[in-house]
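# Fold and contact review
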Amino acid sequence: LVKEDGHKYASLFPGEAGAHIDAMPAWAPSGFCVAFASTREKTSGSSLWILSLRKDAKPVRITTGKGSDQSPVWSPRSDALVFASDRGGSFALWRVDLVDGGDGVPRAGRTTKLTHDEGDAVEPAWSRDGKWLVYTLRTGGVSILKIIPAQGGRAREITVGPSDRTAAWFPDGRHLVYSGSAGAAFDADLMLLEVFAKNGRLLADAQPKRVSLGDTANGSELWPAVDGSGRFVFATSEMVVSVDRDA
């Protein structure tokens, strides 16, 4: 763990040593647990685990089976996880409902496959109203964004590629920011997209606009995250972008 200002770094597993890898942490909206992917107890691939932030808590395994389960995202009510898994061959999105474990740590309930695309469905992002999931579909060297109801159903394309990925929702539930490029995949910019009109209608023909700062030749901006006010976007390029959606 590290504070937002970069101070007070601490390990979630102090003193723990082993050959496993823990990665892709996701903080529950409730603030009490962290979900992550790990190679613990597996000879290949990864599973999802949840760790309570209580003192001396031990991680609890949430998914089992073959393949790699990764990129967990929480529902806004902290009662489900959606993740990408190749347990069926190519990567698809799966949902695992969470039930009360009686000790403050959720346990796995029903698991449901959500997507059935040709290609790899990865990098899910859950809308803050809990109704929608946006994800990256990779196929034939092209990656686009698709949207699907959080309970499953028809998935629809919302970008055309060729290198669109890692979306994040704004608090208003209508806009997305994502990493996209009209050219080389290694030179991606942050793109803003209006997904829903003010009346709630899904916009099929909305055009994204670039919101990255600086020269595109400076490199890519990936894995954007939006702050609670919707005014700032943070990305792995260490750039901070102030966004005016009405501009």
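Here's what I pulled together on the structure shown here. The structure displayed is predicted, hence computed values, not measured ones.

## Thoughts on unusual backbone geometry
Residue Pro162 follows Gly161 across a cis peptide bond; omega there is 10°. The backbone of Glu41 sits at a positive phi, close to 60°, despite the residue not being glycine. Mapped onto the elements, Glu41 comes out in the loop between strand S2 (33–38) and strand S3 (47–52). Assessed through its relative accessible area of 63%, Glu41 is described here as exposed. Despite not being glycine, Trp223 shows a phi value in the positive range, around 50°. Considering the arrangement of structural elements, one finds Trp223 in the loop between strand S16 (209–210) and strand S17 (225–226). Note on Trp223: relative accessible area 46%, which makes it partly exposed.

## A look at the environment of Arg128
For Arg128, the position within the fold is in the loop between strand S9 (120–126) and strand S10 (132–139). With a relative accessible area of 37%, Arg128 lands in the partly exposed category. A sequence separation of 44 residues divides Arg128 from Asp172, and the C-alpha atoms of the two residues are 8.1 Å apart. Setting aside anything within four residues of it in sequence, one finds Arg128 in contact with Pro76, Trp169, Phe170, Pro171, Val226, Asp227 and Gly228. In this structure the side chain of Arg128 is engaged in a polar contact, spanning 3.2 Å, whose partner is the backbone oxygen of Val226.

## A closer look at the packing of aromatic side chains
One pass over the structure, following the stated rule, counts 2 aromatic pairs. Judged by centre distance (5.3 Å) and plane angle (45°), the ring pair of Trp132 and Phe196 falls under tilted. Placement of the pair is Trp132 in strand S10 and Phe196 in the loop between strand S15 (189–194) and S16, with a sequence separation of 64 residues. Both residues of the pair, Trp132 and Phe196, belong to the buried class. Here Trp169 and Phe196 contribute two aromatic rings whose centre-to-centre distance is 6.5 Å and whose plane-to-plane angle is 15°, an arrangement assigned as stacked. Of this pair, Trp169 sits in strand S13 (residues 165–169) while Phe196 sits in the loop between S15 and S16; the two residues are 27 residues apart in sequence, bridging distant segments of the chain. Each member of the pair, Trp169 together with Phe196, is buried.

Here is what the cut-offs are and how they apply
- Residues numbered from 1 in each chain as written.
- Predicted model: local features only at pLDDT ≥ 70, side-chain atom pairs only at ≥ 80, totals over all residues.
- Heavy atoms only, no water.
- Helix = DSSP H or I, 4+ residues; strand = E, 2+ residues; numbered from the N terminus.
- Buried < 20%, exposed > 50% of the residue type's maximum accessible area, 1.4 Å probe, protein only.
- Contact = heavy atoms within 4.5 Å.
- Polar contact = N/O pair within 3.5 Å; in protein donor to acceptor, adjacent residues only side chain to side chain.
- Phe/Tyr/Trp six-rings, centres within 6.5 Å; stacked < 30°, edge-to-face > 60°.

Note that every value here comes from positions in space, so none of it alone points to a role or purpose.
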